[in-house]
Amino acid sequence: MRKAVAMGWELLGSDKIIKTTELSDFVNTEMIIPKELISFFGSAGERLAIIYQNREYPSYLETEGGNAKIKWSKVLIRKLGEAFPDYELWFRGAQDASNTPRLEMKKANDVFSLRLISENGESGIDDEKKSDTVMSPIPTTSGLQELLVKWIVGYPNYYPRDFRFSFKDVINEEIPKVIESFEAIRSDYYQVLGFAGDTQWAEIPWVKVLDKQIQSIDKEDLYLAYILAMDSRKLYLAIVYGEEGVGVRTLSEKASEYRKKIATGNYQTNHQDILLANASLVSGIVCYREYTETDMPEDAVLAAEFEDFIKMYKLCLTHDQATDEATACGEPTKENIVEEKLSEESLIEKSPIEEKLMEKSPISIKNGDEEYHAIINSKSDGTAVTTGTGDGEKNQNLMDTHSGQEESAELNHEQIFAESPKREELKMIGETRSEKEEADPSYAEVDCVQSEVSEVEAKGVIAQAFNHYSIKNDYLTSYLQLVQAKMGNKGYYYPAELIKAYYLSIKSKPFVMIKGRVGSGKTSFPRLFAEAIGASQENGRFKRLLVGKNWDNDTHLMGHLDSRGHFIPGALMLMLKTAKEYPDKPHFFLLDELDQSPVTDYLQRLLEGINGNKDPFLNREDFGADVAAFREYGSLNFPDNLYIIATINEGLGSFPIDPRVIDSGNQIRMPIVEIGVFPDYGSSAGESDWENRVFKIHSQPKGLPEILEKLMQLLNGLQQLLSRYDCPMGYRGKNEILAFGINSGAEGLFNEQEVIDLAILQRILPALAGDQNAGTEVYQALACFGLDEGQREKYLNQPLERFISSYEILLKAEAIPCSRSGQALLKHIKTNYLK
């Protein structure tokens, strides 16, 4: 059945349509679809699999300005032009409409087969026997030189655009096919695999060669590879050692060990000169040869150099095999000696509790940016088996056997880590330290200056009644409980307060900083949170960008013009475009290690958007002559469904964070990783795909007047305190604390006192760190915020050492209103002011 649905369009049944072509079909990458045919293609936002000449060209069905459009690949448009090379003369002349080429699309199982049909004016389009006039695919005859140059030149043009399978074939199929023909690897010993990405272009594309008798693609320690540099201007042929789960230093040492076993000749070995956005990959490079577009040898030379690398690769593998055989025969190796020393150390007498902890001890293992958790359980026969939780199949058994452990006396492991009894109200009049220890054994473990205080002084501190302030609030709503359970199901166990503080921080401002030590989980936490609510790297709603060393501009975020005048969008531009296309869904952009470069050099424009500027990020001149890119990215500003997360390292060797950045959002400190029995967070079953409206402030929550009254009263007191020391809050900080508190009150997550406690911890303390007016007096006053006036004056008038000892006793007694910030304040005072 043939049905004309719009000018030039005909519907032939439920699975086929015909379109009479126009000039724009051979020029533009967009085709407007009649409303009557939208359902034929699917729903807006869907990716369409278009098959032309037996090759897939991903396209997208989108809605813009009320019109539905198919967005084609530029490569597909070029292919259509090759099949009808005279299209310009045809459409600009007085053509016979009946002979105008037509596009036929057949649908089968969500795949669309495309044909370009040429009519002779006598036969109708129903004549299925008419041959297709498209050009037959040309067999690949390109040599390695041509393909490697095509890789270098083409990748930066494809990377920021649609994931086009046609160019992907250069890396995934054509280069591996040429390598497989080399004399050096014609045997069945080697496997060649190319990788340009899964659903989007890879940041580090590669073509690997493995000895498949020893290595595998999924678990390779040593391999040979062509790897494209971060700037896409260089290509490296390299031998790489890439064992998973080891640090940069170990990788570098192992690579150095390999170099001593082979003759690298004139090939380069200084991996510090390599430009790759992966420190582990760089550290594991044994030796390499660098190629560029202008310095690309002929095919014969490339083959000879590849053979040199294959020989060195074989020598490295032979070295590994010899080491393994020596180990199996009992000959001493470096590893054996280390194990013997560890065995000697294991003979040191341990306490009963230490021995029992060896029976069932939770451990965390760092692997790159991931952490995998396992519990070693001792069995009755002295062996140890490991169970673990982690990301997918990556978290396999970390230790198969561990023999020789002596059985310890039975002791309930749960009792070791049992929580101390809750103290609802403390009236500690005349109670001595020994009496306190008898009532609560954990009290004896406090590491504080109070041990140096006389018993009389300690009695003076606690010889009065105090209210009890809980130092922990583990309440979670059902939707946050599901988030916690989903994170726990992947082997990551984050406390309820961290999840709540992060969630409320995002709701109060689309910029959150996470500070912590290396390995504390500050990179994994925001990724896992995003995945738990439906935003992942796979669907494009989560993106991590590692801040490089000494960035001096924002091109990595915004984009730049390449040597040919094409605009290459930065990672942020790509995320902005995705966020604009899906405005109802939250998107997360993680700036990992914010402090690796001076933030004033690369964060200024983004910070303006975070703080409310709605102007487009880029100007017309940023795009040069690339008009198409300007149309695509020129109007992008900061959307209300984008949330910027930044991680900050704790320790030396980093650039200070500018006060303007600190003032622009909450700073959350990662808690110390607790070693104990894994908690049961409940079932992780259930879909969780949040809408963006979840992160918007509650406009009229129940009890809003009471919430505001209490918050304003506490905020006013806090502002008066800070003003006395010339460190007042600004309007931005005050408003964002209120937003945090209103959302918290509306959902019952924290009470008003806890909100102020977190405000001191997440807003005030980070700001004071860069304030020259802040001295020990303001920190002491903040530590006492919330105590009644008499108690506050009493402690603030004490000498510093006595103040510290008294305050530690109050913290232990849970008698400090703002105990979360109090602990951080005390640590700061002891670290910076106690001599």
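Above: the structure in question.
Residues numbered from 1 in each chain as written. Predicted model: local features only at pLDDT ≥ 70, side-chain atom pairs only at ≥ 80, totals over all residues. Heavy atoms only, no water.

S.K.: What is the right way to read the overall build of the protein chain from this model?
M.R.: From N to C terminus, the protein chain includes 29 helices and 26 strands. Taken across its 835 residues, the protein chain has 47% of its residues classed as buried. Accessible surface computed for the protein chain: about 42100 Å², of which carbon and sulfur atoms make up 49%. (Helix = DSSP H or I, 4+ residues; strand = E, 2+ residues; numbered from the N terminus. Buried < 20%, exposed > 50% of the residue type's maximum accessible area, 1.4 Å probe, protein only. Areas by Shrake-Rupley, 256 points an atom, 1.4 Å probe, with all protein chains shown as cover.)

S.K.: I'm lost on the packing of aromatic side chains in this one. Help?
M.R.: The description of two aromatic rings rests on the distance between their centres and on the angle between their planes. According to the stated counting rule, one finds 34 aromatic pairs in the structure shown. Among the aromatic side chains, those forming a connected cluster through ring pairs are Tyr 479, Tyr 492, Tyr 494, Tyr 502, Tyr 503, Phe 525, Phe 529, Phe 588, Tyr 643, Trp 690 and Phe 695. The side chain of Lys 500 reaches across the aromatic face of Phe 750, ending 4.2 Å from its centre. When the ring centre of Phe 630 is taken as origin, the NZ or CZ atom of Arg 620, which lies over that ring, is 4.9 Å away. (Phe/Tyr/Trp six-rings, centres within 6.5 Å; stacked < 30°, edge-to-face > 60°. Lys NZ or Arg CZ within 6 Å of the ring centre and 35° of its normal.)

S.K.: Whenever I open this one, unusual backbone geometry confuses me. Can you help?
M.R.: Note: most residues except glycine have negative phi, and most peptide bonds are trans. Positioned with a positive phi, Asn 550 is a non-glycine residue whose angle comes to about 60°. The residue Asn 550 is located in the loop between strand E21 (542-546) and helix H17 (555-558) in this model. Residue classification places Asn 550 among the exposed positions, given a relative accessible area of 52%. The phi torsion at Glu 814 lies on the positive side, around 55°, for a residue other than glycine. Relative to the helices and strands, Glu 814 resides in the loop between helix H28 (800-812) and helix H29 (819-832).

S.K.: Where do I start with the pattern of salt bridges in this structure?
M.R.: Pairs can form between side chains of opposite charge whenever their charged atoms are close. This structure, assessed with the given rule, holds 30 salt bridges. For Arg 564, the salt bridge identified is with Glu 293, shortest N-O distance 3.1 Å. Pair noted here: Arg 564 is in the loop between strand E22 (559-561) and strand E23 (567-569) and Glu 293 is in the loop between strand E14 (285-292) and helix H8 (299-328), with a separation of 271 residues, a long-range link. Exposure remark for Arg 564: the relative accessible area of 41% places this residue in the partly exposed category. Here Arg 527 makes a salt bridge to Glu 531, at a shortest N to O gap of 3.2 Å. Separated by four residues within a single helix, Arg 527 and Glu 531 lie in helix H16 (residues 524-532), roughly one turn from each other. (Salt bridge = Lys/Arg side-chain N within 4 Å of Asp/Glu carboxyl O.)

S.K.: What am I meant to see in helix H14 (residues 478-489) here?
M.R.: Since there are 3.6 residues in each turn of an α-helix, residues three or four apart along the chain are aligned in direction. Helix length check: H14 (twelve residues) gives 16 Å between terminal C-alpha atoms against 16 Å at 1.5 Å per residue, within 8%. Regarding H14, the residues found buried are Leu 480, Leu 482, Val 483, Gln 484, Ala 485, Met 487 and Gly 488. Where H14 is buried, its residues touch helix H15 (496-508) and H16. (Expected span 1.5 Å × (residues − 1). Contact = heavy atoms within 4.5 Å.)

S.K.: What am I meant to see in the sheet that holds strand E26 (residues 666-669) here?
M.R.: The strands that make up a sheet are held in pairs by hydrogen bonds between backbone atoms, and each pair lies either parallel or antiparallel. Taken together, the five strands give an open sheet; going across it, the order is E21-E24-E25-E20-E26, and neighbouring strands pair in parallel fashion. Each edge of the sheet is formed by a strand with only one pairing partner; in this case those strands are E21 and E26. Direction aside, neighbouring strands of the sheet carry axes that sit 20° apart on average. Where H15 meets the sheet, it contacts strand E20 (511-516), strand E24 (587-592), strand E25 (642-649) and E26, and its direction lies at approximately 165° from that of E26. Together, E20, E21, E24 and E25 form the strand contacts of H16, whose direction differs from that of E21 by roughly 165°. (Pairing = 2+ DSSP bridges. Axes fitted to C-alpha atoms, helices over the stretch in contact; angles between N-to-C directions.)

S.K.: Would you explain the nonpolar core in this entry?
M.R.: A general tendency of soluble globular proteins is for nonpolar side chains to be buried together. Core analysis: the largest hydrophobic core is formed by 75 residues, its most contacted members being Leu 718 and Leu 782. With near-sequence residues (within four places) excluded, Leu 782 lies in contact with Leu 718, Leu 721, Leu 722, Ile 760, Ile 764, Leu 768 and Leu 825. One finds Ile 171, Leu 237, Ile 239 and Met 312 within the second-largest nonpolar core, a separate group that totals 62 residues. (Core = buried A, V, L, I, M, F, W, Y, C linked by side-chain atoms within 4.5 Å.)

S.K.: Teacher, can you tell me more about the environment of Asp 554 here?
M.R.: Position of Asp 554 relative to the elements: it lies in the loop between E21 and H17. Discounting chain neighbours no more than four positions away, the residues touching Asp 554 are Gly 559, Asp 601, Tyr 602 and Arg 605. Separated by 2.8 Å, the side chains of Asp 554 and Arg 605 make a polar contact. (Polar contact = N/O pair within 3.5 Å; in protein donor to acceptor, adjacent residues only side chain to side chain.)

S.K.: Any chance you could explain the side chain of Thr 100 here in plain terms?
M.R.: Looking at the element boundaries, Thr 100 is found in the loop between helix H3 (87-92) and strand E8 (102-108). A relative accessible area of 4% places Thr 100 in the buried class. Engagement of the side chain of Thr 100 in a polar contact is seen with the side chain of Trp 90, the distance being 3.5 Å.

S.K.: Sorry, what's going on with the environment of Ser 118 here?
M.R.: In this structure, Ser 118 sits in the loop between strand E9 (111-117) and helix H4 (144-158). Overall, Ser 118 belongs to the partly exposed group, its relative accessible area being 31%. Sequence separation of Ser 118 and Asn 99 is 19 residues, and the distance between their C-alpha atoms is 6.8 Å.

S.K.: Where do I start with helix H23 (residues 704-724) in this structure?
M.R.: Look at H23: 30 Å from first C-alpha to last across 21 residues, which is about the 30 Å you get at 1.5 Å a residue. By the burial criterion, the buried members of H23 are Leu 704, Ile 707, Leu 711, Leu 715, Leu 718, Leu 721 and Leu 722. When H23 is viewed along its axis, its buried side chains cluster within an angular range of 130° and face the same direction. Summarising the geometry of H23, the exposed residues directed more than 90 degrees from the buried face are Pro 705, Glu 709, Gln 713 and Arg 724. (Arc of directions from axis to C-beta.)

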